[in-house]
Amino acid sequence: MLIFMVNFYCIAYAQDNKSDSLAMYHPESSIWYPHSTPFYLFKGAVYSQSQVVWATSFHTATPVPLGCVGPEKYTRMLKSVNPNTRVAEVMKEALSDKVNVILVIGDGMGPGHFSLPVYMRLAKGDTLPTMFEKIMHEGDCGYLLTNPAGGLVTGSAAAGTALATGTKTRMDMVGVDTLGNPVKSALDVAVSLGMKTALVTDAAITDATPAAFYAHVIQRNLQPEIARQLAEENFIDVLLGGGASNFIPQNTTFGHCKDFEDCGFANDSSSRKDDINPIDTFKSHGYRLIHNEMQLQSVNNAEKVLGLFSPGGLPAPIDRNESNKEIPTVAQMSKKALELIGDNPKGFFIMTECARIDWEAHANDIGAVYKAVEEMNEVLKNAYRVYAKNPQKTLLIFCADHETGGLGIAYRKVDDNEKETFRCANGQMWETKTKALSFYEFKKLAAQDASLASIFKKSGSAEELQQNIEKHTAYTVSLYQAQKIFEAAYQSPDMPKYKK
Ligand SMILES: [Zn+2]
């Protein structure tokens with residue numbers, strides 16, 4: 001999912017550790033002007049401390065990791081390198097054999113993102129593996145090639161369609177083939193077999209990834225139409241996520257909607273341009289409508305439920321705090337959804353999307369990406385528990401739809417005054433001017449406790465921004481750097497979101 005329409009060019013990072021350097025390229029230079037976003041300037045300013053590199057703020061063609069556990073018949077079909085369409089083919093076959101399927105998608109999670117919790121445990125001396133490693137070790141693992149029809153670099157719509165249906169399609173198309181014809185998803189197969197089904201996401205439930213499992217539109221941004229289709233079809237038992245603004249008629253607010261009058265976003269209004277009322281349609285089909293965590297916990301497994309917890313996307317895992325605790329996390333939603341559908345005698349299918357990995361990667365905010373991947377690890381922890389109760393009849397798969405940002409951690413060349421030396425056992429002197437990034441420095445990533453976007457937003461001056469960066473991350477910037485980042489946050493025409 002693309003949130004920042006910033007025209008980034010693919011760049012290579014030069015190294016620069018002078019205290020007042022900002023980015024590698026002169027911000028006033030017209031050709032590099034598009035890089036003068038607060039995110040770009042921040043990562044340049046802390047590069048000598050973080051050694052974090054991002055190639056772009058967009059998606060890349062880098063293959064994405066996949067891990068799976070379950071009956072060998074299916075897991076061995078997913079090992080090694082596969083086209084992303086293979087996931088749907090295998091899920092459909094498993095479902096047809098009455099095998100439950102749990103799919104967890106880390107949106108935008110490439111090898112660099114996925115390795116962060118793995119390296120973090122190594123850095124901390126924690127010998128317990130991540131769930132990613134555990135699943136890959138016990139079952140099978142591989143890579144998915146994510147290319148859409150007719151190209152190399154995909155988006156969530158084409159990639160979601162491939163994962164959900166096994167059909168490659170054009171960019172931005174959802175649940176249709178390259179000619180626009182509707183195609184069947186693995187969820188459709190589960191429904192036709194009388195299985196219970198659930199879709200869970202921390203993006204909008206009408207966003208491209210979940211929509212690929214039930215909707216058929218040629219443009220992913222037709223979210224009001226996607227909501228209408230979801231309501232008309234009404235065959236999914238549990239729907240949990242954001243995107244509520246697509247579910248009430250035009251010119252209405254949630255405060256005027258009976259089931260949402262006491263919700264946390266009562267003053268927000270519809271984003272529809274018509275009088276269609278998907279929420280009413282859901283009610284007429286017997287769905288329970290909920291909007292907070294407490295209500296979620298009270299749902300029982302005889303009920304069909306539509307949980308809409310935000311007008312748009314849900315908060316980033318790194319921005320979780322007291323003020324938004326009534327909004328369930330993706331791990332809480334996924335756990336509850338599995339409780340609701342997991343004991344059906346005919347079996348079940350569930351897809352959980354961890355969307356914030358992608359959003360934070362679009363912002364090139366590695367601290368926030370790290371927390372979002374840890375959140376996915378929590379989702380997998382519970383998914384694995386459910387799998388382990390019935391391993392012969394359950395297939396658990398995690399994967400991503402594409403890589404976002406070209407994330408890497410690079411070594412750094414330093415001057416003589418920063419070189420490392422060591423006397424070897426044979427008395428020879430070893431030295432290096434190539435900084436590997438120590439585990440101590442790497443662990444600083446985990447100290448970040450607010451997204452860069454929220455840090456920029458709440459800082460009213462360069463001084464405040466400098467203090468907030470110090471307060472919420474383990475990195476420091478000079479006042480000059482803070483001024484440049486502040487100016488970019490509030491003046492860049494590319495960043496209207498952050499304008500005062
Ligand atoms: Zn995506």
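The coordinates are above.
Let us look at the structure shown here. Predicted model, so just to flag it, every value in this text is computed and none were measured.

All right, on to the packing of helix H5 (residues 111-124) against helix H15 (residues 366-389) then. The relative placement of two packed helices is expressed as an angle between their axes plus a distance between the axes. For the pair H5 and H15, interaxial distance at closest approach is 8 Å and the crossing angle is 90°. Relative to H15, H5 is oriented roughly perpendicular. Across the interface between the two elements, His113, Phe114, Leu116, Pro117, Met120, Arg121 and Lys124 of H5 pack against Ile366, Val369, Tyr370, Val373, Glu374 and Asn377 of H15. Each residue belonging to the contact of H5 with H15 can be placed in one class, and the counts come to eight nonpolar, two polar and three charged.

Our next topic: the environment of Glu233. You can see Glu233 is positioned in helix H10 (residues 223-233). With a relative accessible area of 25%, Glu233 lands in the partly exposed category. Sequence-distant contacts of Glu233, defined by excluding residues within four places in its chain, comprise Tyr214 and His216.

Summed over all chains, the structure comprises 11 aromatic pairs. A centroid spacing of 5.1 Å and a plane angle of 80° characterise the contact between Phe132 and Phe398, whose relative ring orientation is edge-to-face. With Phe132 in helix H6 (residues 131-138) and Phe398 in strand S12 (residues 394-400), this pair connects stretches of sequence that are 266 residues apart. Grouping residues by exposure puts Phe132 and Phe398 together as buried.

Here we take up unusual backbone geometry. Positive phi outside glycine occurs at Lys98, with the angle close to 65°. Along the chain, Lys98 turns up in the loop between helix H4 (85-96) and strand S5 (100-106). Accessibility expressed as a relative area gives 48% for Lys98, which makes it partly exposed. Phi is positive for Leu437, close to 70°, though the residue is something other than glycine. Position of Leu437 among the secondary structure elements: in the loop between strand S18 (434-435) and helix H16 (439-442). On the basis of relative accessible area, Leu437 is assigned to the buried category, the value being 14%.

Reading the values: the criteria
- Residues numbered from 1 in each chain as written.
- Predicted model: local features only at pLDDT ≥ 70, side-chain atom pairs only at ≥ 80, totals over all residues.
- Heavy atoms only, no water.
- Axes fitted to C-alpha atoms, helices over the stretch in contact; angles between N-to-C directions.
- Helix = DSSP H or I, 4+ residues; strand = E, 2+ residues; numbered from the N terminus.
- Parallel < 35°, antiparallel > 145°, perpendicular 65-115°, else oblique.
- Contact = heavy atoms within 4.5 Å.
- Nonpolar A, V, L, I, M, F, W, Y, C, P; charged D, E, K, R; others polar.
- Buried < 20%, exposed > 50% of the residue type's maximum accessible area, 1.4 Å probe, protein only.
- Phe/Tyr/Trp six-rings, centres within 6.5 Å; stacked < 30°, edge-to-face > 60°.

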